[in-house]
Amino acid sequence: MIKLEHIFKWYTVGGSRSFILKDIHLEIDQGDFVSIMGPSGSGKSTLLNVIGLLDEPNEGTYHFMGEDVLAMKQKKRTALFQSHMGYVFQSYHLIDELTVYENIETPLIYKNLSGKERKAIVGDLLDRFGIVGKKDLFPAQLSGGQQQVVGIARALAASPKLLLADEPTGNLNSRQGEEIMQLFKQLNEDGVTIIQVTHSEKNAEYGKRIIHMLDGQLKIGKPEA
Ligand SMILES: Nc1ncnc2c1ncn2[C@@H]1O[C@H](COP(=O)(O)OP(=O)(O)O)[C@@H](O)[C@H]1O
Ligand SMILES: [Mg+2]
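Residues numbered from 1 in each chain as written. Chains lettered and ligands numbered in written order. Predicted model: local features only at pLDDT ≥ 70, side-chain atom pairs only at ≥ 80, totals over all residues. Heavy atoms only, no water.

Draft legend 1. Region of the structure containing the site of ligand 1. Contacts to ligand 1 come from Tyr11, Ile20, Pro39, Ser40, Gly41, Ser42, Gly43, Lys44, Ser45 and Thr46. With respect to ligand 1, the backbone of glycine 41 contributes an N or O atom lying 2.7 Å from an oxygen atom. With three residues, helix 1 (residues 44-51) is the largest single contributor of residues to the shell around ligand 1. Among the residues making up the shell around ligand 1, the classes are represented as three nonpolar, six polar and one charged. (Near = heavy atom within 4 Å. Polar contact = N/O pair within 3.5 Å; in protein donor to acceptor, adjacent residues only side chain to side chain. Helix = DSSP H or I, 4+ residues; strand = E, 2+ residues; numbered from the N terminus. Nonpolar A, V, L, I, M, F, W, Y, C, P; charged D, E, K, R; others polar.)

Following this line, the structure appears as structure tokens:
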């Protein structure tokens, strides 16, 4: 599904290169559930952004479902993202001016669905996440944890094949975090490929494998049983 080869990312600071990703090689098959761990600043979010087409490397190749995404025009890349990927951000990234309902509906606007179909999908998600009563509220009227729940519901609205999550439970209490991990596990069993960045060993172990990052490089290992 995902094949990264020779990926480098750097910023030029004061005339010299500061490397964020260094020669990354990574293959992820459909159906996998990968946890990425590593210290702050090691390049985890940057790697996830490259995979999620939100950032471009300076060097290297990236194939997603057999397609060379870095060679694509922006418009095609955006379409690829919208049809196959869901992204859960560390800091929610909800749209302040839209209600909970409208936020979750956003990814569906690009799909060829009737209003009735959209309503059914959003209704299902509101139900599944226990936020039916919040549907007409705005993000600012919710706690951080509730906002993240909305962020996850939104990421799932368009039924993505790949779910990318950057510290998705960082702002949730442990019970909510556990629920999200159970949900990820279920989604993965239903065929959704998941890549999550996490600081929590416990959450990382929900993955089928754990990838450790350090100074922009990967160390690939198996989760301990
Ligand atoms: N625009 C930028 N210019 C320079 N350095 C940056 C920029 N964006 C991110 N970085 C640096 O890249 C490194 C990796 O960042 P990030 O991928 O967010 O790491 P992580 O998610 O593992 O904490 C950090 O040291 C950060 O300071
Ligand atoms: Mg990060």
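Draft legend 2. Quick look at the packing of aromatic side chains. Throughout the structure, instances matching the rule amount to three aromatic pairs. Look at phenylalanine 8 and phenylalanine 19: their rings are 6.2 Å apart centre to centre, the planes differ by 70°, and that puts the pair in the edge-to-face class. Here phenylalanine 19 lies in strand 2 (residues 16-28) and phenylalanine 8 lies in strand 1 (residues 2-13), a separation of 11 residues in the sequence. Classification of phenylalanine 19 by relative accessible area gives partly exposed; the value is 34%. A ring pair is formed by tyrosine 87 and phenylalanine 89, whose centres lie 4.5 Å apart and whose planes are at 20°; its orientation type is stacked. Summarising the burial analysis for this pair, tyrosine 87 and phenylalanine 89 share the class buried. Through a chain of ring-to-ring contacts, the aromatic side chains of Phe8, Trp10 and Phe19 assemble into a single cluster. (Phe/Tyr/Trp six-rings, centres within 6.5 Å; stacked < 30°, edge-to-face > 60°. Buried < 20%, exposed > 50% of the residue type's maximum accessible area, 1.4 Å probe, protein only.)

Draft legend 3. Spatial organisation of the sheet that holds strand 4 (residues 59-64). Taken in spatial order, the four strands of this open sheet run 2-1-4-5, and their pairing is antiparallel. Only two strands of the sheet have a single neighbouring strand rather than two, namely strand 2 and strand 5 (67-68). Both strand 1 and strand 2 contribute to a ladder of nine bridges, which runs antiparallel. By the bridge assignment for strand 2, isoleucine 2 is matched with isoleucine 28. Helix 1 rests against strand 1, strand 2 and strand 4 of the sheet, and its axis sits at about 60° to strand 2. (Pairing = 2+ DSSP bridges. Contact = heavy atoms within 4.5 Å. Axes fitted to C-alpha atoms, helices over the stretch in contact; angles between N-to-C directions.)

Draft legend 4. Summary view of the nonpolar core. With 32 residues, the main nonpolar core has Ile104, Phe129, Leu163 and Phe184 as its most contacted residues. Secondary structure elements with two or more residues in this core: helix 3 (100-109), helix 4 (115-128), helix 5 (144-157), strand 7 (162-166) and helix 6 (174-189). It is helix 5 that contributes the most residues to this core, seven residues altogether. Beyond its immediate sequence surroundings of up to four residues, phenylalanine 184 is in contact with Phe33, Ile152, Leu163, Ala165, Pro168, Ile194 and Gln196. Counting residues in hydrophobic clusters, the runner-up holds 30 residues, among them Leu21, Leu26, Phe64 and Leu162. (Core = buried A, V, L, I, M, F, W, Y, C linked by side-chain atoms within 4.5 Å.)

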